[in-house]
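So the chains spell out like this:
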Amino acid sequence: MSHGAPDRDVVIVGAGVVGAAIARELSHFELRCTLLEAGPDVGAGTSKANTALLHTGFDAKPGTLEARLVRRGHELLSEYAPKAGIPVESTGALLVAWSEEQRGAFPGTVDQAHANGYTAIREIQVDELYRREPHLGPGARGALEVPDEGIICPFTPPLAFATEAVLAGCELRLKAPVTRIDRLEKRGFRVEAGGSTLTTRFLVNAAGLRSDEIHRLLGHDGFTVTPRRGELIVFDKLSRSLVEHIVLAVPTGTTKGVLVAPTVFGNVLLGPTALDVEDKDDTSSTSEGLAYLRSEGERIMPELLGNEVTAVYAGLRAATEHSDYQLTIYAPEGYACVGGIRSTGLTASMAIAEHVRSELGAAGLALRPRDVPVVRMPNIGERFPRPYVQPDRIAANPDYGLVVCFCERVTRGEILDALAATVPAVDLDGLRRRTRVLMGRCQGFFCGAHVEALLATGRR
């Protein structure tokens, strides 16, 4: 037990896309908020390694909280992204059947979509499917079109959310893993994180893969996070002309299957695998996983395999034993658990934040609105104007005309901006997620030393 009035109104644990979205939402009110992150940067964990899809929620389990929040999140993020400089493209998706059994599942999928409030889904026949995706492998039996599915940058949303929160007065503490939580005598919590202590009236657990551990620190149980590793292959930009839509598999009871999808950076993704692992830090790629993806790619889109591979990576999803988000508000305690947020978390992030804010308000958090700054992030999408082709920007600052990374056309000006941002890059990975530097076909072989020198200069 601890005595005294809390020095914070809300502490949010975890600065992934969900935690950062909650911080942004709460920063719209006159609150003393702190956002804690165990790692060195915002959005550097699970949030950075996914399939980067903007989901409609057509295939979510009807009646679940996830289904409702994904649908609402699609609306919110679709509106917010263009204003905030987040790259997003509405490509649409085609859910392809490769057997009559899979095609027979279409009516159930349509009914599921309708139950989730999504009615634009429709079946298309084989001839139309191959007209729209002529590079598909042989043997497709038909498809369901989901016109409102899209692709999005996975890196910029948590950065935009955190930037907006910090500019509005939210405190951001990095390298601050939570090691202990005690309850205050008159409601609230004492939190030890990163070698320091703070007290708060309300606590939000958005710790992703570690959300079950934080939950247990508070004396609760009910779910366990078992990391689900998804390996992906990124193909060179020369493959981009092979695919126009997100090509989805017909889901089974355990997985949504392997997809082929364009990215907002001009590449093509193949993946993911789905394997439960024990280690919450195990983001390794395996020969077995990559061989499986290549065999699936050969079947789905044979020509894709003839292209160069730019990179492989693996992400971990916060899977639990439950089929829904583990999002519970313990109102008498002032505690919000936001656990079990899986691959749909990016899409649902703003709706999750809206839901948590509303529930905390009902639990007694005073919500007095205030003006907040408008945030505009550097748009790093391939189909959006980049500084190296903007004469006015180059004339105003020649650094925007000095290309450092020729694979991705990243300039010195962009790197220096990232190092001086409100939430600045502190390492090479942070620069990559803010500018696309080191993401190209040479993977930093040409520009790596120059980028490291700029990073070292920016740190001084």
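Here, the structure is the one placed above.
In this convention, every chain numbers its residues from 1, walking through the sequence in written order. Only residues with pLDDT of 70 or above have their local features reported here, since the model is predicted, and side-chain atom pairs are shown and tallied only from 80 upward, although totals for entire chains, interfaces and linings are computed over all residues. Hydrogens are left out, water is left out, and the side-chain values use all remaining heavy atoms of the structure.

Describing the sheet that holds strand β4 (residues 88-89)
Spatially, three strands are ordered β3-β8-β4 in an open sheet, and the strand pairing comes out antiparallel. The sheet terminates laterally at β3 (53-54) and β4, the two strands that pair on one side only. Judged from the two bridges that link them, β3 and strand β8 (residues 150-152) form a sheet pairing that is antiparallel. Its bridge partner being in β8, L53 is matched across the sheet by I151. DSSP bridges decide pairing: two strands pair if at least two such bridges lie between them. Only runs of H or I of at least four residues qualify as helices and only runs of E of at least two qualify as strands under DSSP, and these elements are numbered from the N terminus.

A closer look at the side chain of T156
Looking at where T156 falls in the secondary structure, it is placed in helix α6 (residues 156-167). Owing to a relative accessible area of 4%, T156 belongs among the buried residues under this scheme. Apart from the residues lying within four places of it in its own chain, the contact partners of T156 are G85, I86, P87, M377 and I380. Relative accessible area decides the class of each residue, using a 1.4 Å probe on protein chains only: under 20% of the type maximum gives buried, over 50% gives exposed, and in between gives partly exposed. In this description, contact between two residues means that some pair of their heavy atoms is separated by no more than 4.5 Å.

Let's talk about the environment of E145
Its place among the elements puts E145 in strand β7 (residues 142-146). On a C-alpha basis, the gap between E145 and E123 in space is 6.1 Å, while along the polypeptide they are 22 residues apart. Polar contacts, as used here, are pairs of N or O atoms within 3.5 Å; protein pairs need one atom able to donate a hydrogen and one able to accept it. Residues neighboring in sequence count only if both atoms are side-chain atoms. Polar contacts involving the side chain of E145 include one to the side chain of R132, which spans 2.8 Å.

Here's the deal with the packing of aromatic side chains
Each Phe, Tyr or Trp ring (for Trp, its six-membered ring) is paired with any other whose centre lies within 6.5 Å, and the angle between the two planes then decides the class: stacked below 30 degrees, edge-to-face above 60, tilted in between. Tallied over the full model, the rule gives four aromatic pairs. With centroids separated by 5.6 Å and ring planes inclined at 35°, the aromatic side chains of Y80 and F161 adopt a geometry described as tilted. With a gap of 81 residues between them, Y80 in helix α2 (residues 65-84) and F161 in helix α6 connect regions that are remote in the sequence. Per residue, the accessibility class of Y80 equals that of F161, and both read buried. Between F155 and F265 the ring centres are 5.7 Å apart and the planes differ by 15°, which places this aromatic pair in the stacked class.

With respect to the nonpolar core
In this structure, I12, I22, V204, L327, V338, I352 and V356 are the most contacted members of the largest nonpolar core, which totals 54 residues. Each residue touching I352, except ones within four places of it in the same chain, is listed here: V18, L69, Y325, L327, V338 and I341. Of all hydrophobic cores here, the second largest spans 24 residues; its members include I246, V250, A261 and F265. In this text, buried Ala, Val, Leu, Ile, Met, Phe, Trp, Tyr and Cys residues form a nonpolar core when linked through side-chain atoms within 4.5 Å.

Some details on the pattern of salt bridges
Any carboxyl oxygen of Asp or Glu within 4 Å of a side-chain nitrogen of Lys or Arg constitutes a salt bridge here. Counted by the stated rule, this structure contains 47 salt bridges. Between E213 and R210 there is a salt bridge, with the nearest N and O atoms lying 3.2 Å from each other. Residue classification places E213 among the partly exposed positions, given a relative accessible area of 33%. On the basis of relative accessible area, R210 is assigned to the partly exposed category, the value being 34%. Residue R386 pairs with E414 through a salt bridge whose shortest N-O separation is 3.7 Å. One end of the pair, R386, is in the loop between α9 (345-362) and α10 (391-396); the other, E414, is in helix α11 (residues 412-419), and 28 residues separate them in sequence.

Let's talk about α6
With twelve residues, α6 extends 16 Å from end C-alpha to end C-alpha; this agrees with the ideal 16 Å at 1.5 Å per step. With ten of twelve residues buried, α6 lies mostly within the body of the structure. Within the span of α6, buried status applies to T156, P157, P158, L159, A160, F161, A162, T163, E164 and A165. Against α1 (17-26), α2, β8, α9 and α12 (428-435) lie the buried residues of α6. Looking one or two residues past α6, G169 carries a phi angle of roughly 110°, positive in sign. Multiplying one less than the number of residues by 1.5 Å gives the expected span of a helix.

So, the state of the cysteines
The term disulfide is used for any two cysteine sulfur atoms that are within 2.5 Å. In this structure the tally under the stated criterion is zero disulfides. The thiol sulfur of C153 is not disulfide-bonded, and the nearest other cysteine sulfur, from C405, lies at 15 Å. When its relative accessible area of 0% is taken as the criterion, C153 is described as buried. In this structure C337 is not part of a disulfide, and its nearest cysteine sulfur, from C33, lies 18 Å away. Classification of C337 by relative accessible area gives buried; the value is 1%.

Points about unusual backbone geometry
With an omega of -5°, the peptide bond running from G271 to P272 counts as cis. Structurally, the position occupied by P272 is in the loop between β16 (268-271) and β17 (275-276). Phi is positive for K175, which is not a glycine, with a value near 50°. If you trace the backbone, K175 turns up in the loop between β9 (171-173) and β10 (178-183). In this structure K175 comes out as exposed when scored by relative accessible area, which is 61%. The backbone of R436 shows a phi angle near 80°, a positive value even though the residue is not glycine.

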